[in-house]
Amino acid sequence: MSVSAQGLTALRAPGGWAGPVIDVDVHVHVPSIRTLFPYMQQGWRDFIVERAVGTPPSFASVYPQNAGNVVRPEWRPENGGLAASSLELVREQALDAWAVERAILNCYWGIDSVRHPDLAATIARAVNDWLIDEWLDRDDRLRASLVVPAHTFADAVAEIERVGSHPGFVQVMMPVRAMQTYGRRNWWPVYDAIVAHDLVMGMTWGGTSEGPPTPSGWPSYYAEEWAGEQGVFMSQLTSMVAEGVFQRYPTFRLAVLDIGFNWVPSLMWRLNKEWKGLRRTIPWVNEPPSQIFRDHIRFTTAPLDDAPPSESARFLRWLGEEMVMFASDYPHAYPGDYRRFLDALPESARPKIMADNARAFYRL
Amino acid sequence: MKNYVVARTDDVPVGGSISVEVNGRTYGIFNVGGTFHALLDRCPHQGAALTRGACIATIESDTPGEYRFGTSRTLIMCPWHGWEFDIETGQSWFDAARTRALSVDVNVERGEDLAAWLHESQQTGARLPGPYIAEVHEVHREDDYIVLVLPR
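The structure presented is a predicted model; accordingly, all values stated were derived computationally and were not measured.

Quick notes on the rules
Counting from 1, residues in each chain are numbered in the order their sequence is written. Whichever chain is written first becomes A and whichever ligand is written first becomes 1, with later ones labelled in order. This being a predicted model, a pLDDT of at least 70 is required before a residue's local features are given, and a value of 80 or more before pairs of side-chain atoms are given or counted; all residues contribute to the totals for chains, interfaces and linings. The basis for every side-chain value is the complete set of heavy atoms in the structure, and neither hydrogens nor water enter the calculation. Every residue carries a pLDDT, the predictor's confidence in it, which falls somewhere between 0 and 100. When checking whether two residues touch, look at their non-hydrogen atoms; a contact exists if any pair is within 4.5 Å. Criterion for a salt bridge: a side-chain nitrogen of Lys or Arg within 4 Å of a carboxyl oxygen of Asp or Glu. To sort residues, take the accessible area from a 1.4 Å probe on protein chains only and compare it with the maximum for the residue type: under 20% means buried, over 50% means exposed, and anything in between is partly exposed. The buried area of a pairing is the accessible area, by a 1.4 Å probe, that goes missing from both parts when the two are put together, added over both. Between N or O atoms, a polar contact is any pair within 3.5 Å; within protein, one atom must be a potential hydrogen donor and the other a potential acceptor, and residues adjacent in sequence are included only when both atoms are from side chains. Numbering of helices and strands starts at the N terminus; helices are DSSP runs of H or I of at least 4 residues and strands are runs of E of at least 2. Under the scheme applied, nonpolar residues are Ala, Val, Leu, Ile, Met, Phe, Trp, Tyr, Cys and Pro; charged residues are Asp, Glu, Lys and Arg; polar residues are all the others, including Gly. The pairing criterion for strands is at least two bridges between them, as found by DSSP. When the strands point away from the viewer, a crossover counts as right-handed if the route from the first strand across the helix to the second turns clockwise. Convention adopted: a line fitted to C-alpha atoms gives each axis, helices being fitted over their contacting stretch, and angles between N-to-C directions are expressed from 0 to 180 degrees. Here roughly perpendicular refers to angles of 65 to 115 degrees, roughly parallel to angles under 35, roughly antiparallel to angles over 145, and oblique to all remaining angles. Here, the term nonpolar core denotes a set of buried Ala, Val, Leu, Ile, Met, Phe, Trp, Tyr and Cys residues that are joined through side-chain atoms within 4.5 Å.

Draft legend 1. Focus on the confidence of the model for chain B. Residue and element names in this part refer to chain B. Per-residue confidence for chain B gives a mean pLDDT of 87, with 88% of residues at or over 70. In this model, residues 130-137 is a region of pLDDT below 50 whose contacts with residues beyond four sequence positions or in other chains number 14 contacts. With pTM at 0.92, the complex prediction returns an ipTM value of 0.84.

Draft legend 2. The pattern of salt bridges, seen in detail. Taken as a whole and assessed by the stated rule, the structure comprises 26 salt bridges over all chains. The closest approach of N and O atoms between Asp 11 of chain B and Arg 8 of chain B, which form a salt bridge, is 3.4 Å. In this structure Asp 11 of chain B comes out as partly exposed when scored by relative accessible area, which is 29%. Arg 8 of chain B gets classed as partly exposed once you look at its relative accessible area, which sits at 28%. Taken together, the salt bridges that share partners define one network made up of Arg 91, Asp 96, Asp 139 and Arg 141 of chain A.

Draft legend 3. Structural context of the interface of chain A and chain B. Between chain A and chain B, the contact holds 12 residues from the first and 19 residues from the second. Roughly 1,400 Å² of surface becomes buried between chain A and chain B when both sides are summed, with 57% attributable to carbon and sulfur atoms. Counting across the interface, chain A meets chain B through 2 salt bridges. With a shortest N-O distance of 2.9 Å, Glu 84 of chain B and Arg 279 of chain A are connected by a salt bridge. Seen at the junction of chain A and chain B, the total is 4 residue pairs in polar contact (both at pLDDT 80 or more). In terms of residues, the side of chain A that touches chain B owes the most to one element, helix α10 (residues 264-278) of chain A, which gives 3 residues. When the residues that make up the side of chain A that touches chain B are grouped by side-chain class, the tally is 4 nonpolar, 2 polar and 6 charged.

Draft legend 4. Representation of the side chain of Ser 92 of chain B within the structure. All names here are of chain B. Here Ser 92 shows up in the loop between β9 (84-86) and β10 (103-110). According to the relative accessible area criterion, Ser 92 is buried, its value standing at 1%. Reaching out from Ser 92, the side chain makes a polar contact with the backbone oxygen of Asp 95 at a distance of 3.0 Å. Leave out the neighbours within four places in its chain, and Ser 92 touches Glu 84, Phe 85, Thr 99 and Arg 100.

Draft legend 5. Representation of the pairing of strand β5 (residues 200-204) of chain A. Residue and element names in this part refer to chain A. Counted residue by residue, β5 has 5 buried out of 5 residues, so it is predominantly covered. Burial of β5 is two-sided: the residues Val 200, Gly 202 and Thr 204 facing one way and the residues Met 201 and Met 203 facing the other way are all buried. The pairing of strand β4 (residues 169-175) with β5 spans 5 bridges and is parallel. The partner of Gln 171 across the bridge, within β5, is Val 200. You can see the chain leave β4, run along helix α7 (residues 188-196) and come back into β5, and the turn it takes is right-handed. Relative to strand β6 (residues 254-256), β5 runs parallel, the two being bridged by 3 bridges. Note that in β6 the partner of Gly 202 across the bridge is Ala 255.

Draft legend 6. Region of interest: the packing of helix α6 (residues 153-163) of chain A against α7 of chain A. All names here are of chain A. At a minimum axis separation of 9 Å, α6 and α7 run at an interaxial angle of 5 degrees. Comparing their axes, α7 and α6 come out roughly parallel. Taking contact as the criterion, the partners of Phe 153, Ala 156, Val 157, Ile 160 and Glu 161 in α6 are, on α7, Pro 189, Val 190, Ala 193 and Ile 194.

Draft legend 7. Highlighting the pairing of strand β1 (residues 22-27) of chain A. All names here are of chain A. With 6 of 6 residues buried, β1 is to be regarded as a mostly interior element. Strand direction decides the pairing type here: β1 and strand β2 (residues 102-106), joined by 4 bridges, are parallel. Bridging from a neighbouring strand, Asp 23 pairs with Ala 103 of β2.

Draft legend 8. A look at the nonpolar core. Among the nonpolar cores identified, the biggest contains 149 residues, and Tyr 191, Phe 293, Phe 299 and Tyr 362 of chain A are the most heavily contacted of them. Here the element with the most residues in this core is helix α5 (residues 117-134) of chain A; it accounts for 9 residues. Setting aside residues no more than four positions away along its own chain, Tyr 362 of chain A makes contact with Val 24, Ile 104, Val 170, Gln 171, Val 200, Arg 253, Ala 255, Leu 257 and Met 325 of chain A. One finds Tyr 27, Ala 38, Val 106 and Leu 150 of chain B within the second-largest nonpolar core, a separate group that totals 16 residues.

In structure tokens form, the structure reads like this:
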């Protein structure tokens, strides 16, 4: 067992964290497009077979399954199948391993890279119905993000209307790379639906856009793209704050997943600083951006940035104990020793990080 | 409190400002729609002269894309970092509770009154002439004058 896997399993070892755990980011994967056949009409099954449609392309580009950071070696199924692709695997490797009270499933399958709008909507519906049947209905500990065909706003809204009231869905997954920044008013119909169904917007890793995956152009290498994704998250948060999403929707809740939190305090400070002098250009932003973060946005522990635990604890102090929720990011292979991290935190912060913040934010 | 005659009202156009020095400190005199206000001419942030900034109207909004444009130039924008201050109260827009420019009382006096008071002050010392001291004897009875009210 690798040191990093020990980081998560050791969490529950004697002397470790004994309180409740809510894991807000457990990834699950659709084993094959044929898995979804029971959830679509025969005509779409035929379409998929006739055209040899497979897994949407951005699943492979966002999460290349053989890359060392995408799946921990010990979490690769022995039969060579896809990691995190069955409830049995996920129970054994994650839910039971760190004894969750609740876990939120996030299924990024690259629906954003399906250009056929009706096929994308069909696949989104099928994934959501599969999540209900194969996951939510089978384990009371589970909650999930519903997926939407985000290229067509009306279809995204329709899908939220269709399944958004299912008690298992607590969030709408929106990949961080989108065809428009998330502050743009074109998204308002989607946000109307999210808010009306009392759901959280979960901004996750991945997605494809009409343009390059960074704000300033195309990365050349996988490592470059991986590390650069943080900039995309920063751009999206800046957009949503500046363009007034949180003023338009006073109850809007945004979970920022897959990207840690050490980078956040500096962004908050920067936004506050610029807002003081440029407020007139965005007059709807009538409070300091840092206050908007505190009232509306939460971040996750994963991936714990490669800092000594005492330094991460310092970042958490700047950010606020209420702002971060525990996430394993299963089955990804981020280094990080959660036990040492927790040990470095003030005692008051530990139950908040491990469960209370998520319970309050997602109303679990 | 002491009163300092610092300018004629005609010296400060509507929507504009001038700076005056009294006892070694510089004050900004602003004309907001015909009403005069004074601030210490020094941004509480890093000390820029506020009178070098623009007098601007408020812009407020309750929701993205909707604007309520103020009709009067009631704010001064610091020329260095764009912080906005209410000219009347000195309070900043972004942190009204804690960050403010120093506001100073200002009055407008009629020239004929002023001439009488200035004459009296030579006896009592209650009112000191401002930068207009050289012109005290030329205070025109038909003009209006701006008077700063300072602690000393």
